[in-house]
Amino acid sequence: MSTPPKARRDNDGRPASVVLDDISKQIIEQLQSDGRKPYAAIGKAVGLSEAAVRQRVQRLLDAGVMQIVAVTDPLTLGFPRQAMIGIKCEGDLETVADELAAIKEIDYVVLTAGSVDIMVEVVCEGDQHLLEILGKIRAIPTVRATETFVYLKLHKQTYSWGTR
């Protein structure tokens, strides 16, 4: 999965909040329900021309507000093992997160508060592949411990939280 464009940052390094008008929110919600929906159909639903929708979508993409991607089912693509891995480390978490993000099998990296410092998600070809990935993670010098949560069944996965 590609990394989304870098969003604007505030003085503390957090992504700057983007103020969306109601039309942009409606466009996002239309695309969350169907990422392949034609711009003409979106325009009809939100009261804009196809060209105006295309321009707004491009601005939202350029600002890092959203991405349009194909979501796949790992099982059907030959990746029967998925896991979330909690990582305890010391030192600069951003540096460790950057090293983790460089591992191709890791598709999700988040800094956390709680019993672990970083959580990553992996999609693997099997248990041996998972062991290899764990070896790569544990080889990072400031990683102190890992805890692996193997997925037994994906019960819900959604990307339609809207724009609130």
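Residue positions are given per chain, counted from 1 along the sequence in the order it is written. Confidence filtering applies because this is a predicted model: local features only for residues at pLDDT of at least 70, side-chain atom pairs given and counted only at 80 or more, and all residues used for totals across whole chains, interfaces and linings. Calculation of side-chain values draws on the structure's entire complement of heavy atoms; hydrogens and water are dropped beforehand.

Caption draft 1: Quick peek at the overall build of the protein. Each helix and strand in the protein was counted, giving five helices and four strands. Tracing the protein from N to C terminus, the helices and strands come up as α-α-α-β-α-β-β-α-β. For each residue, the accessible area found with a 1.4 Å probe, counting protein chains only, is set against the maximum for its type, and the residue is called buried under 20%, exposed over 50%, and partly exposed in between. Taking all 164 residues of the protein together, 29% fall into the buried category. Any pair of residues with heavy atoms lying within 4.5 Å of one another is described as a contacting pair. Long-range pairs, those at least 24 residues apart, make up 60% of the contacts in the protein with a sequence separation of at least 6. The accessible surface values rely on the Shrake-Rupley method and a 1.4 Å probe; as for residues, cover is taken only from the protein chains in view. Approximately 11000 Å² of the protein is accessible, and the part contributed by carbon and sulfur atoms is 52%. In this text, helices come from DSSP runs of H or I with a minimum length of four residues, and strands from runs of E with a minimum of two, each type numbered from the N-terminal end.

Caption draft 2: The sheet that holds strand β2 (residues 106-111), seen in detail. Only strands that DSSP links by at least two bridges are regarded as paired with each other. Reading across from one edge, β2-β3-β1-β4 is the order of the four strands in this open sheet, with antiparallel pairing throughout. Either end of the sheet is taken by a strand with one partner, and the two such strands are β2 and β4 (143-150). Taking the axes of each pair of neighbouring strands and ignoring which way they run, one obtains an average angle of 20 degrees across the sheet. Note: strand β1 (residues 81-89) against strand β3 (residues 118-124), seven bridges, orientation antiparallel. Bridge pairing in β3 links Arg81 to Cys124. The strands that helix α5 (residues 127-138) touches are β1, β2, β3 and β4; relative to β4, the one it contacts most, it runs at about 155 degrees. For every element, the axis is a line fit to its C-alpha atoms; helices are fit only across the contacting stretch, and the angle between N-to-C directions ranges from 0 to 180 degrees.

Caption draft 3: Spotlight on the packing of helix α1 (residues 22-33) against helix α2 (residues 39-46). Where α1 contacts α2, the two axes come as close as 10 Å, and the packing angle between them is 135 degrees. Judged by the inter-axis angle, α1 sits oblique to α2. Between α1 and α2 lies a crossing of right-handed hand. Between α1 and α2, the contacting residues are Ile23, Gln26, Ile27, Gln30 and Leu31 on the first element and Ile42, Ala45 and Val46 on the second. Any residue outside Ala, Val, Leu, Ile, Met, Phe, Trp, Tyr, Cys, Pro, Asp, Glu, Lys and Arg is labelled polar, Gly included; the first ten of those are nonpolar and the last four are charged. Across the contact of α1 with α2, the residue classes tally to six nonpolar, two polar and no charged. Here is the rule for angles: anything less than 35 degrees is roughly parallel, anything more than 145 is roughly antiparallel, 65 through 115 is roughly perpendicular, and the remaining ranges are oblique. It is the rotation of the near helix from the far one that decides the hand of a crossing: anticlockwise by less than a right angle makes it left-handed, clockwise makes it right-handed.

Caption draft 4: Molecular detail of the nonpolar core. Residues belong to one nonpolar core when they are buried, are Ala, Val, Leu, Ile, Met, Phe, Trp, Tyr or Cys, and are joined through side-chain atoms within 4.5 Å. Core analysis: the largest hydrophobic core is formed by 19 residues, its most contacted members being Ile85, Ile87, Leu100, Ile118, Val120, Val122 and Ile137. Looking at this core, the elements that each hand over two or more residues are β1, α4 (93-101), β3 and α5. Excluding residues that lie within four positions of it along the chain, Ile137 makes contacts with Ile85, Ile87, Leu100, Ile103, Ile106, Val120, Val143 and Thr146. Ranked by size, the runner-up nonpolar core spans 10 residues in total, among them Leu20, Val46, Val57 and Met66.

Caption draft 5: Here's a closer look at a nonpolar patch on the surface. Surface patches are defined over residues having more than 30% relative accessible area and no salt bridge, joining like charges when they lie within 9 Å and nonpolar side chains (Val, Leu, Ile, Met, Phe, Trp, Tyr) when within 5 Å. For this document, the term salt bridge refers to a Lys or Arg side-chain nitrogen within 4 Å of an Asp or Glu carboxyl oxygen. Together, Val69, Val71 and Tyr159 give the surface a local cluster of nonpolar side chains, amounting to about 280 Å² of exposed area. Relative to the helices and strands, Val69 is located in the loop between α3 (50-62) and β1.

Caption draft 6: How the structure looks around the environment of Leu60. With respect to the helices and strands, Leu60 occurs in helix α3. Residues in contact with Leu60, not counting those within four places in the same chain, are Leu20, Ser24, Ile28, Val65 and Met66.

Caption draft 7: Molecular detail of α3. The span one expects for a helix is its residue count, reduced by one, times 1.5 Å. If you check α3, its first and last C-alpha atoms are 18 Å apart, about what 13 residues at 1.5 Å a residue would give, namely 18 Å. Three or more residues of α3 are buried, namely Val53, Arg56, Val57 and Leu60. One side of α3 holds all its buried residues, which, seen down the axis, span an arc of 100 degrees. The exposed set on the far side of α3, more than 90 degrees from its buried face, consists of Arg59 and Asp62. Elements that come into contact with the buried residues of α3 comprise α1 and α2. Arc, as used here, means the arc of the directions from the helix axis to the C-beta atoms.

Caption draft 8: The confidence of the model for the protein, seen in detail. Per-residue confidence from the predictor is given as pLDDT, running between 0 and 100. Residues of the protein with pLDDT of at least 70 account for 88%, and the chain-wide mean is 88. Of the regions scoring below 50 in pLDDT, residues 1-5 engages in five contacts with residues more than four places distant in sequence or in other chains.

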